[in-house]
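Commentary on secondary and tertiary structure
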Amino acid sequence: MINFHIDRSSSVPAYAQLVRQVREGLRIGTLQPGDQLPTVRSVVTSCTINPTTVLKAYRELELSGLVEARQGAGTFVSGTLGHADPHVMARLRTGLARWLGQARDAGLEDEDVQALIASVIVEDSLRRTQAGSDQPQSEPAPGAAIQQKKGAA
(Lines give C-alpha, C1' and ligand atoms only; values in the text may rest on other atoms or scores of the structure.)
Protein backbone atom coordinates (compact mmCIF):
# COMPACT_ATOMS: atom_id res chain seq x y z
CA MET A 1 0.00 0.00 0.00
CA ILE A 2 1.15 3.52 -0.77
CA ASN A 3 2.01 5.90 2.06
CA PHE A 4 1.16 9.43 0.98
CA HIS A 5 3.13 12.47 2.07
CA ILE A 6 2.49 16.15 1.49
CA ASP A 7 5.27 18.72 1.01
CA ARG A 8 3.80 21.85 2.53
CA SER A 9 6.65 23.98 1.17
CA SER A 10 5.78 22.96 -2.40
CA SER A 11 3.82 25.23 -4.71
CA VAL A 12 2.03 22.11 -6.00
CA PRO A 13 -1.45 21.75 -4.45
CA ALA A 14 -1.88 18.85 -2.02
CA TYR A 15 -4.41 17.03 -4.22
CA ALA A 16 -1.99 17.19 -7.17
CA GLN A 17 0.79 15.77 -4.96
CA LEU A 18 -1.45 12.80 -4.13
CA VAL A 19 -2.27 12.26 -7.81
CA ARG A 20 1.42 12.47 -8.72
CA GLN A 21 2.35 9.92 -6.05
CA VAL A 22 -0.20 7.41 -7.36
CA ARG A 23 0.97 7.96 -10.94
CA GLU A 24 4.61 7.52 -9.87
CA GLY A 25 3.68 4.35 -7.96
CA LEU A 26 2.08 2.96 -11.10
CA ARG A 27 5.10 3.88 -13.23
CA ILE A 28 7.68 2.29 -10.94
CA GLY A 29 5.58 -0.74 -10.09
CA THR A 30 4.89 -0.14 -6.40
CA LEU A 31 1.18 0.03 -7.27
CA GLN A 32 -0.54 -2.61 -9.38
CA PRO A 33 -4.09 -3.06 -10.64
CA GLY A 34 -6.18 -4.43 -7.79
CA ASP A 35 -4.22 -2.65 -5.06
CA GLN A 36 -6.33 -0.66 -2.64
CA LEU A 37 -5.53 2.99 -1.98
CA PRO A 38 -5.65 4.20 1.63
CA THR A 39 -9.06 5.31 2.84
CA VAL A 40 -9.86 9.00 2.71
CA ARG A 41 -9.97 9.02 6.49
CA SER A 42 -6.50 7.47 6.84
CA VAL A 43 -4.99 9.95 4.35
CA VAL A 44 -6.66 12.85 6.18
CA THR A 45 -5.18 11.60 9.46
CA SER A 46 -1.69 10.77 8.20
CA CYS A 47 -1.24 13.89 6.06
CA THR A 48 -3.38 16.29 8.12
CA ILE A 49 -5.29 17.55 5.09
CA ASN A 50 -8.94 18.21 4.36
CA PRO A 51 -11.09 15.27 3.23
CA THR A 52 -12.19 17.32 0.21
CA THR A 53 -8.55 17.42 -0.94
CA VAL A 54 -8.27 13.64 -0.87
CA LEU A 55 -11.64 13.21 -2.57
CA LYS A 56 -10.55 15.63 -5.31
CA ALA A 57 -7.36 13.63 -5.92
CA TYR A 58 -9.21 10.30 -5.98
CA ARG A 59 -11.85 11.75 -8.31
CA GLU A 60 -9.17 13.00 -10.73
CA LEU A 61 -7.52 9.56 -10.69
CA GLU A 62 -10.90 7.95 -11.32
CA LEU A 63 -11.68 10.27 -14.24
CA SER A 64 -8.32 9.40 -15.79
CA GLY A 65 -9.16 5.68 -15.53
CA LEU A 66 -6.42 4.81 -13.06
CA VAL A 67 -8.61 3.95 -10.05
CA GLU A 68 -12.17 2.93 -9.36
CA ALA A 69 -14.25 3.61 -6.28
CA ARG A 70 -16.24 0.63 -5.03
CA GLN A 71 -19.17 1.55 -2.84
CA GLY A 72 -18.47 0.43 0.71
CA ALA A 73 -15.17 -1.25 -0.22
CA GLY A 74 -12.77 1.59 -1.02
CA THR A 75 -10.73 2.86 -3.94
CA PHE A 76 -8.77 0.40 -6.04
CA VAL A 77 -6.14 0.72 -8.75
CA SER A 78 -7.68 -0.23 -12.08
CA GLY A 79 -5.23 1.15 -14.64
CA THR A 80 -1.55 1.01 -15.43
CA LEU A 81 1.20 3.38 -16.52
CA GLY A 82 4.52 2.34 -17.96
CA HIS A 83 5.54 -1.15 -18.91
CA ALA A 84 9.09 -1.45 -17.59
CA ASP A 85 10.38 -4.75 -16.25
CA PRO A 86 10.28 -4.61 -12.42
CA HIS A 87 13.80 -6.09 -12.20
CA VAL A 88 15.15 -3.42 -14.53
CA MET A 89 13.36 -0.73 -12.50
CA ALA A 90 14.88 -2.08 -9.26
CA ARG A 91 18.37 -2.08 -10.75
CA LEU A 92 17.96 1.45 -12.10
CA ARG A 93 16.57 2.63 -8.76
CA THR A 94 19.63 1.24 -6.97
CA GLY A 95 21.93 3.03 -9.40
CA LEU A 96 19.98 6.25 -9.05
CA ALA A 97 20.13 6.03 -5.25
CA ARG A 98 23.91 5.62 -5.49
CA TRP A 99 24.11 8.62 -7.86
CA LEU A 100 21.93 10.69 -5.53
CA GLY A 101 24.33 9.91 -2.67
CA GLN A 102 27.19 11.24 -4.81
CA ALA A 103 25.16 14.35 -5.65
CA ARG A 104 24.48 14.95 -1.94
CA ASP A 105 28.17 14.44 -1.16
CA ALA A 106 28.91 17.11 -3.79
CA GLY A 107 26.59 19.50 -1.96
CA LEU A 108 23.57 19.39 -4.27
CA GLU A 109 20.19 20.13 -2.75
CA ASP A 110 16.79 18.85 -3.95
CA GLU A 111 16.26 21.71 -6.39
CA ASP A 112 19.79 21.28 -7.80
CA VAL A 113 19.17 17.57 -8.37
CA GLN A 114 15.78 18.21 -9.96
CA ALA A 115 17.22 20.89 -12.28
CA LEU A 116 20.07 18.59 -13.29
CA ILE A 117 17.74 15.69 -14.05
CA ALA A 118 15.31 17.95 -15.94
CA SER A 119 18.12 19.33 -18.08
CA VAL A 120 19.37 15.84 -18.96
CA ILE A 121 15.81 14.75 -19.87
CA VAL A 122 15.37 17.77 -22.15
CA GLU A 123 18.78 17.24 -23.79
CA ASP A 124 17.99 13.55 -24.34
CA SER A 125 14.61 14.44 -25.88
CA LEU A 126 16.28 16.93 -28.21
CA ARG A 127 18.86 14.33 -29.28
CA ARG A 128 16.16 11.72 -29.88
CA THR A 129 14.12 14.19 -31.92
CA GLN A 130 17.16 15.12 -33.99
CA ALA A 131 18.04 11.45 -34.48
CA GLY A 132 14.55 10.84 -35.84
CA SER A 133 14.94 13.52 -38.49
CA ASP A 134 17.21 13.53 -41.52
CA GLN A 135 19.04 16.60 -40.26
CA PRO A 136 22.62 16.21 -39.09
CA GLN A 137 22.92 15.95 -35.33
CA SER A 138 24.84 18.48 -33.31
CA GLU A 139 25.38 18.82 -29.61
CA PRO A 140 23.22 21.54 -28.06
CA ALA A 141 25.11 24.51 -26.72
CA PRO A 142 25.65 24.45 -22.96
CA GLY A 143 22.49 25.67 -21.26
CA ALA A 144 20.44 25.30 -24.46
CA ALA A 145 18.27 22.62 -22.88
CA ILE A 146 17.57 24.81 -19.89
CA GLN A 147 16.66 27.73 -22.17
CA GLN A 148 14.46 25.39 -24.23
CA LYS A 149 12.68 24.23 -21.06
CA LYS A 150 12.17 27.82 -19.84
CA GLY A 151 10.72 28.78 -23.19
CA ALA A 152 8.25 25.91 -22.99
CA ALA A 153 7.02 26.93 -19.55
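Residues numbered from 1 in each chain as written. Predicted model: local features only at pLDDT ≥ 70, side-chain atom pairs only at ≥ 80, totals over all residues. Heavy atoms only, no water.

Topic: the overall build of the protein
Keep this limit in mind: We count a stretch as a helix when DSSP gives it H or I for four or more residues in a row; a strand needs E for two or more, and each element gets its number in order from the N terminus. Burial classes: relative accessible area under 20% of the type maximum marks a residue as buried, over 50% as exposed, and values in between as partly exposed (1.4 Å probe, protein chains only). In what follows, residue pairs with any heavy atoms lying within 4.5 Å of each other are defined as contacts. Computed with the Shrake-Rupley method and a 1.4 Å probe, the accessible areas treat only the protein chains shown as cover for residues.
Broken down by element type, the protein carries six helices and two strands. Ordered by position from the N terminus, the helices and strands of the protein form the series α-α-α-β-β-α-α-α. Within the protein, the proportion of its 153 residues that are buried is 22%. Looking at the protein alone, contacts between residues at least 24 apart form 49% of all its contacts between residues at least 6 apart. Accessible area of the protein: about 10,700 Å², with a carbon and sulfur share of 53%.

What about the environment of Met1?
By the secondary structure assignment, Met1 is in the segment before helix 1 (14-28). Under the relative-accessibility criterion, Met1 is labelled exposed at 70%. Distance from Met1 to Pro38, taken between C-alpha atoms, is 7.2 Å for residues 37 residues apart in sequence. Once residues within four sequence positions are removed from consideration, Met1 is found in contact with Gln36, Leu37 and Pro38.

Some words on the layout of surface pockets
Note the cut-off: Cavity and pocket criteria rest on a 1 Å grid covering protein atoms alone: a 1.4 Å probe that fits but cannot get out defines a cavity, protein on both sides within 12 Å along at least 5 of 7 lines defines an open pocket, and an atom within 4 Å of a point defines a lining residue. Grid points are joined across faces, edges and corners, and a volume is the space filled by probe spheres set on the points. Under the grouping applied here, Gly and all other residues not named as nonpolar or charged are polar, the nonpolar ones being Ala, Val, Leu, Ile, Met, Phe, Trp, Tyr, Cys and Pro and the charged ones Asp, Glu, Lys and Arg.
In this structure, the largest pocket occupies an estimated 1,400 Å³ of space. Taken together, the residues of the lining of the largest pocket sort by class into 13 nonpolar, nine polar and eight charged. Roughly 260 Å³ of volume is contained in the second largest pocket. Mapped by element, the contributors of at least two residues to the lining of the second largest pocket are helix 3 (51-63), strand 1 (67-70) and strand 2 (74-77). Examining the composition of the lining of the second largest pocket, we find that four residues originate from one element, helix 3, more than from any other. Class assignment of the residues belonging to the lining of the second largest pocket gives a composition of eight nonpolar, five polar and three charged.

Section: the pattern of salt bridges
For the record, the criterion: Within this document, salt bridges are pairs made up of a side-chain nitrogen of Lys or Arg and a carboxyl oxygen of Asp or Glu, the two lying within 4 Å of each other.
One pass over the full model with this rule turns up five salt bridges. Across the pair Glu62 and Arg59 runs a salt bridge, and its minimum N-O distance is 3.9 Å. On the criterion of helical spacing, the pair formed by Glu62 and Arg59 is a turn pair, its members being three residues apart in helix 3. By relative accessible area, which is 31% here, Glu62 ends up partly exposed.

Here's the deal with the pairing of strand 1
This is how it is decided: Pairing between two strands is assigned when DSSP locates at least 2 bridges connecting them.
Here strand 1 runs beside strand 2; their pairing, made up of four bridges, is antiparallel. Each bridged residue has a counterpart across the sheet, and for Val67 the counterpart in strand 2 is Val77. The hairpin turn running from strand 1 into strand 2, its antiparallel successor, is three residues long, and Gly72 in that turn takes a positive phi close to 80°.

So, helix 5 (residues 110-132)
Heads up, the condition is: Each helix should span, by expectation, one fewer than its residue count multiplied by 1.5 Å.
With 23 residues, helix 5 should cover 33 Å at 1.5 Å per step; its first-to-last C-alpha distance of 33 Å lies within 8% of that length. Among the residues of helix 5, Val113, Ala118, Ser119 and Val122 are the ones counted as buried.

Here's the deal with the confidence of the model for the protein
Just so we agree on the cut-off: Each residue carries a pLDDT score, the predictor's confidence in it, ranging from 0 to 100.
A residue-level look at the protein finds 87% of positions with pLDDT of 70 or above and a mean pLDDT of 88. By mean pLDDT, helix 6 (residues 144-152) is the weakest element of the protein at 47, and helix 3 is the strongest at 98. Overall, residues 144-150 carries pLDDT values under 50, and its contacts beyond four positions in sequence, including any with other chains, amount to eight contacts.

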